[in-house]
Amino acid sequence: DLTAYGLRSDGVELDCELAEHLVDVEGDADQLHQVIANLIVNAQQALQQVAHPRRLRVVTRAGGAPGTIELELADNGPGVPAELRRRLFEPFFTTKPQGTGTGLGLSFSLGVIEAHGGTLQLVDGDNGAVFRMTLPTGTAPALIAEPVAALTATPLRGHALVVDDEADIADTMAELLGKQSWRVQVARSGAEAKKRL
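The notes below deal with the structure included here. (Residues numbered from 1 in each chain as written. Predicted model: local features only at pLDDT ≥ 70, side-chain atom pairs only at ≥ 80, totals over all residues. Heavy atoms only, no water.)

This next bit is on the nonpolar core. L39, L56, F131, M133 and V162 are the most contacted members of the largest nonpolar core, which has 37 residues in total. Element by element, the count of residues in this core is highest for helix 2 (residues 29-47), at six residues. Other than its neighbours up to four places away in sequence, V162 contacts A170, M173, A174, L177, V184, Q185, V186 and A187. (Core = buried A, V, L, I, M, F, W, Y, C linked by side-chain atoms within 4.5 Å. Buried < 20%, exposed > 50% of the residue type's maximum accessible area, 1.4 Å probe, protein only. Helix = DSSP H or I, 4+ residues; strand = E, 2+ residues; numbered from the N terminus. Contact = heavy atoms within 4.5 Å.)

Strands sit in the order 1-2-3-5-4 across an open sheet of five strands; the sheet is mixed. Taken across any chain shown, the strands that pair with only one partner, and hence form the sheet edges, are strand 1 (12-18) and strand 4 (119-123). Here the strands of the sheet are splayed against their neighbours by 15° on average, with no regard to which way each runs. Where strand 4 and strand 5 (residues 130-136) come together, five bridges link them in antiparallel fashion. (Pairing = 2+ DSSP bridges. Axes fitted to C-alpha atoms, helices over the stretch in contact; angles between N-to-C directions.)

Let's shift gears to the pairing of strand 3 (residues 68-75). Burial runs high along strand 3: eight of the eight residues are buried. Bridge count for strand 2 (residues 54-62) against strand 3 is seven bridges, and the pairing is antiparallel. Residue R57 lies in a different strand from strand 3, and its bridge partner there is A74. The antiparallel hairpin formed by strand 2 and strand 3 contains five residues in its connecting segment, where G67 sits at a positive phi of about 75°. The sheet contact formed by strand 3 and strand 5 spans seven bridges and is antiparallel. Bridging from a neighbouring strand, T68 pairs with P136 of strand 5.

Between helix 4 (residues 105-115) and helix 6 (residues 167-179), whose axes approach to 10 Å, the crossing angle comes to 85°. Taken as axis vectors, helix 4 and helix 6 run roughly perpendicular relative to one another. Residue-level inspection shows S107, F108, G111 and V112 of helix 4 in contact with helix 6, the latter providing T172, M173 and L176. Of the residues contributing to the contact of helix 4 with helix 6, the split by class is four nonpolar, three polar and no charged. (Parallel < 35°, antiparallel > 145°, perpendicular 65-115°, else oblique. Nonpolar A, V, L, I, M, F, W, Y, C, P; charged D, E, K, R; others polar.)

Right under this line is the structure:
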């Protein structure tokens, strides 16, 4: 529902193959929604580079490993070149034009899924890009709720400023960056970000 308008505006045909009677996953619904929305928006942006028909397929199913479920998003866009695949989940790495992406979406998404005991991968498909999220069923590992300052490790990689008016998203992003040895500050508005800069 959150991404439907953007998909329609760009002429993306959405095909959902959602399995019935899957075992529940226990986790942070807001974080998981954010990951799925991020993957859909990435696919939408990639599909802007191709002519119609533009297609996005979302599939849920029991996982290949016992006690897991899978969610797969496959588009018929340009795909990810082989030489860029290994860097795709690195923080601040982006394949988008300058000014279009921060390079944090997939890194954030991977961190959230791993915090839930799952995996997020770019897998081979017929064409386009195929992202597969695998999550354990039942109880998820305890999600880390420590202050960002306590997560800053040494040696320090640098300073990061996270700017977002949604506190949960900003705090989660700051937590992920803190785990990767960045000293992080959070700003809730553009004006606050200017002051911190």
